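Report on the structure
Here is how the chains run, residue by residue.
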Amino acid sequence: MSNDTSSHSPIHVIGGGLAGSEAAWQIAEAGVPVVLHEMRGVRGTDAHKTDGLAELVCSNSFRSDDATSNAVGVLHAEMRLAGSLIMKAADANQVPAGGALAVDRDGFSDAVTAAIAGHPLITVVREEVRGLPPREWDLAVIATGPLTAPDLAESIRQETGADALAFFDAIAPIVYTETIDMDICWYQSRYDKVGPGGTGKDYINCPMNEEQYNAFIDALVAGDKTGFKEWEGTPYFDGCLPIEVMAERGRETLRYGPMKPMGLTNAHNPTVKAYAVVQLRQDNALGTLYNMVGFQTKLKYGAQAEVFRMIPGLENAEFARLGGLHRNTYINSPTLLDGTLTLKSRPGLRFAGQITGCEGYVESASIGLLAGRFAAAERKGETLAVPPATTAFGALLNHITGGHIVSDDEPGKRSFQPMNVNFGLFPPLDPGAITKPEGVKRFRGKEKAAAKKQATAARALSDCAAWLNG
């Protein structure tokens, strides 16, 4: 715990959302002074309604609190182990939500605001920081979220490069590899092309006949869709049209676009030419996740799961995340940040929260927690090891700073996309980590998947406790 005296120079944190508040708390609890800069109270945003710290602008749910078999629940548990202010405030302001952790949004924000204001090592300054932190601030954390003010966003863009800062997600659904039916699908690159690091079998292909294709197009066009908020605008541009918008422009559009069957031969039925093909591309270095190429969408989540399971081979697909297209300022973190969330071009400057390329309240706060701990250790002249990749902390950090696959066959295309924490980001279990329960004859399917999740969760919490006790 902290005391009210410190010989250390302060660390500056820009942004008083969940990530910034958590970063400030972790730094102060390490005995290092913090100046937390928050513009609300001086200047508002298009989404926030108050000037309270850690205001929840969308849902009031932190999602599943099950730490035995859910990746989000594991992250909750790890944050509690690490003394998270966000989790303490959430637990104190919980409202009934079944197995989820949901909060009274006003009580939650009030609790965070009061804790920050009452900490002897934290000073809150209500001002807009219009550019990158001045050099004399030495150590700083930018945690300004998806609604980063234009002047600061432009300064970040100038520092990192014109194509290193995105203002919109154009996200295709991501599928757990193990849920794809490879008795129907097959591995092959178009025309067996072997690109940099490729083998000629870099995509998973899902074939459709004419009847299946037409039914799929009808379902895409008819599916329930979400609109853009007034302040988002309508950011359709070449290369990121929603799949349903392409379908509306003509029945054959997708067959001559992302679903073209040319250059592909069905390994299970070589003599029959597919009418259309959906391709999935490896999304992470572990190979546990594949994204649906060209399938960014504004379909509502329920409609996405229903429509995309019409695709042959994806009938039983489980999604690590569903698609979307919305306003979300974030940087190309795998290129720009090192393993401690420091901007490679400017030592001492860290990023945290959604601007790094994570999604979700808890994910944003957890990256704030890590950034705060890394910054505090640096200020104290200490070295803090990164959390193991087997932990939820480490799995999410690894996705942000280096676990993503770069698309070599589409030069200039931003392949890094924000992600919620999920078990697809965790390293596979060691052989023998799960064993068939005594008396069970057939150990597969849902039972085996549940056992894998439980073993992955248990490993994560054990490794996280060891890391924190380091």
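Our structure is the block above this text.
Summary of the structure given here.

What counts and how
- Residues numbered from 1 in each chain as written.
- Predicted model: local features only at pLDDT ≥ 70, side-chain atom pairs only at ≥ 80, totals over all residues.
- Heavy atoms only, no water.
- Helix = DSSP H or I, 4+ residues; strand = E, 2+ residues; numbered from the N terminus.
- Buried < 20%, exposed > 50% of the residue type's maximum accessible area, 1.4 Å probe, protein only.
- Contact = heavy atoms within 4.5 Å.
- Areas by Shrake-Rupley, 256 points an atom, 1.4 Å probe, with all protein chains shown as cover.
- Phe/Tyr/Trp six-rings, centres within 6.5 Å; stacked < 30°, edge-to-face > 60°.
- Patch = residues over 30% accessible without salt bridge, like charges linked within 9 Å, V, L, I, M, F, W, Y side chains within 5 Å.
- Salt bridge = Lys/Arg side-chain N within 4 Å of Asp/Glu carboxyl O.
- Pairing = 2+ DSSP bridges.
- Axes fitted to C-alpha atoms, helices over the stretch in contact; angles between N-to-C directions.
- Polar contact = N/O pair within 3.5 Å; in protein donor to acceptor, adjacent residues only side chain to side chain.
- Core = buried A, V, L, I, M, F, W, Y, C linked by side-chain atoms within 4.5 Å.
- Parallel < 35°, antiparallel > 145°, perpendicular 65-115°, else oblique.
- Nonpolar A, V, L, I, M, F, W, Y, C, P; charged D, E, K, R; others polar.
- Expected span 1.5 Å × (residues − 1).
- Left-handed = near helix turned anticlockwise from the far one by under 90°.

The helix and strand tally for the chain stands at twelve helices and 16 strands. Burial analysis of the chain (470 residues in total) assigns 54% to the buried set. The contacts in the chain between residues at least 6 apart in sequence include a share of 71% that link residues at least 24 apart. Approximately 20100 Å² of the chain is accessible, and the part contributed by carbon and sulfur atoms is 51%.

The next point concerns helix α11 (residues 392-401). In terms of burial, α11 is a largely internal element, nine of the ten residues being buried. Among the residues making up α11, those that are buried are Ala 392, Phe 393, Gly 394, Ala 395, Leu 396, Leu 397, His 399, Ile 400 and Thr 401. Buried-residue contacts for α11 involve α2 (71-81), α9 (333-336), α10 (361-379) and α12 (445-469).

It is worth spelling out the packing of aromatic side chains at this point. Tallied over the full model, the rule gives seven aromatic pairs. Centre to centre, the rings of Phe 62 and Tyr 361 are 5.7 Å apart; their planes meet at 50 degrees, and the pair counts as tilted. With a gap of 299 residues between them, Phe 62 in strand β3 (residues 61-64) and Tyr 361 in helix α10 connect regions that are remote in the sequence. We classify Phe 62 as buried; its relative accessible area is 0%.

Another aspect to go through is a nonpolar patch on the surface. Residues Tyr 191, Tyr 256 and Met 262 make up a contiguous nonpolar surface patch of about 390 Å² in total accessible area. Structurally, Met 262 is set in the loop between α7 (243-248) and β12 (276-282).

Pairing within the open sheet is parallel, and its five strands lie in the order β6-β2-β1-β7-β16. Looking along the sheet, the strands with just one partner apiece sit at the ends: β6 (122-126) and β16 (349-351). Neighbour to neighbour, the strand axes of the sheet diverge by 20 degrees on average, direction disregarded. The pairing of strand β1 (residues 11-14) with strand β7 (residues 140-142) spans three bridges and is parallel. Paired with His 12 across the bridge in β7 is Ala 140. α10 rests against β1, β7 and β16 of the sheet, and its axis sits at about 165 degrees to β16.

Let us now look at the side chain of Thr 456. Tracing the backbone through its elements, the reader meets Thr 456 in helix α12. Engagement of the side chain of Thr 456 in a polar contact is seen with the backbone oxygen of Lys 452, the distance being 2.8 Å. Dropping the residues within four chain positions of it, Thr 456 is found in contact with Phe 423, Phe 426 and Leu 429.

This brings us to the pattern of salt bridges. Inspection of the entire model under this criterion finds twelve salt bridges. Between Glu 178 and Lys 452 there is a salt bridge whose closest N-O contact spans 2.7 Å. You can see Glu 178 sitting in the loop between β9 (174-176) and β10 (186-187) and its partner Lys 452 sitting in helix α12, a full 274 residues away along the chain. A salt bridge links Glu 359 to Arg 321, with the shortest nitrogen-to-oxygen separation between them at 3.2 Å. Here Glu 359 is found in the loop between β16 and α10, whereas its partner Arg 321 is found in strand β14 (residues 319-321), with 38 residues between them in sequence. You'll find Glu 359 and Arg 321 in the same group, each marked buried.

If you check the backbone angles, Ala 54 has positive phi at about 55 degrees while not being a glycine. Topologically, Ala 54 is positioned in the loop between β2 (34-38) and β3.

Our next topic: the nonpolar core. Considering soluble globular proteins, one finds that nonpolar side chains tend to be buried as a cluster. Among the nonpolar cores identified, the biggest contains 82 residues, and Phe 62 and Phe 108 are the most heavily contacted of them. Broken down by element, this core gets its largest block of residues, ten residues, from α10. Those residues in contact with Phe 108, other than ones at most four positions away along the chain, are Leu 18, Ala 54, Leu 56, Phe 62, Ile 86, Ala 89, Ala 90, Asn 93 and Val 103. One finds Leu 241, Met 292, Ala 305 and Leu 322 within the second-largest nonpolar core, a separate group that totals 36 residues.

Further remarks concern the packing of α2 against α11. Put simply, α2 and α11 touch, their axes get as near as 9 Å, and they point 110 degrees apart. By the criterion of interaxial angle, the relationship of α2 to α11 is roughly perpendicular. Across the interface between the two elements, Val 74, Leu 75, Glu 78 and Met 79 of α2 pack against Ala 392, Phe 393 and Leu 396 of α11. Considered class by class, the residues forming the contact of α2 with α11 number six nonpolar, no polar and one charged.

Moving on, we get to the environment of Asn 70. Within the secondary structure, Asn 70 is located in the loop between β3 and α2. Each C-alpha atom, one on Asn 70 and one on Phe 423, is 7.8 Å from the other, the two residues being 353 residues apart in sequence. Engagement of the side chain of Asn 70 in a polar contact is seen with the backbone nitrogen of Val 72, the distance being 2.9 Å.

Attention shifts here to α10. Given a rise of 1.5 Å per residue, 19 residues ought to cover 27 Å, and the 27 Å separating the end C-alpha atoms of α10 matches this to within 8%. The element α10 is largely enclosed, with a buried count of 17 among its 19 residues. Gly 381 occupies a position one or two residues after α10 and carries a positive phi of about 75 degrees.

Moving on: the packing of helix α1 (residues 18-29) against α10. Interaxial distance between α1 and α10 falls to 7 Å at its minimum, and their mutual angle equals 35 degrees. Helix-helix and strand crossings are classified by hand; for α1 and α10 the assignment is right-handed. The residues of α10 that touch α1, namely those facing Leu 18, Ala 19, Glu 22, Ala 23, Gln 26 and Ile 27, are Tyr 361, Ser 364, Ala 365, Gly 368, Leu 369, Gly 372, Arg 373, Ala 375 and Ala 376. Among the residues making up the contact of α1 with α10, the classes are represented as nine nonpolar, four polar and two charged.

Across the sheet, which stays open at both edges, the six strands sit in the order β10-β11-β12-β13-β9-β14 with antiparallel pairing between neighbours. With partners counted over all chains shown, the strands left at the sheet margins are β10 and β14, one partner each. Both β12 and strand β13 (residues 289-292) contribute to a ladder of three bridges, which runs antiparallel. In the strand pairing of β13, Leu 280 is matched with Met 292.

By themselves these figures say nothing about function.
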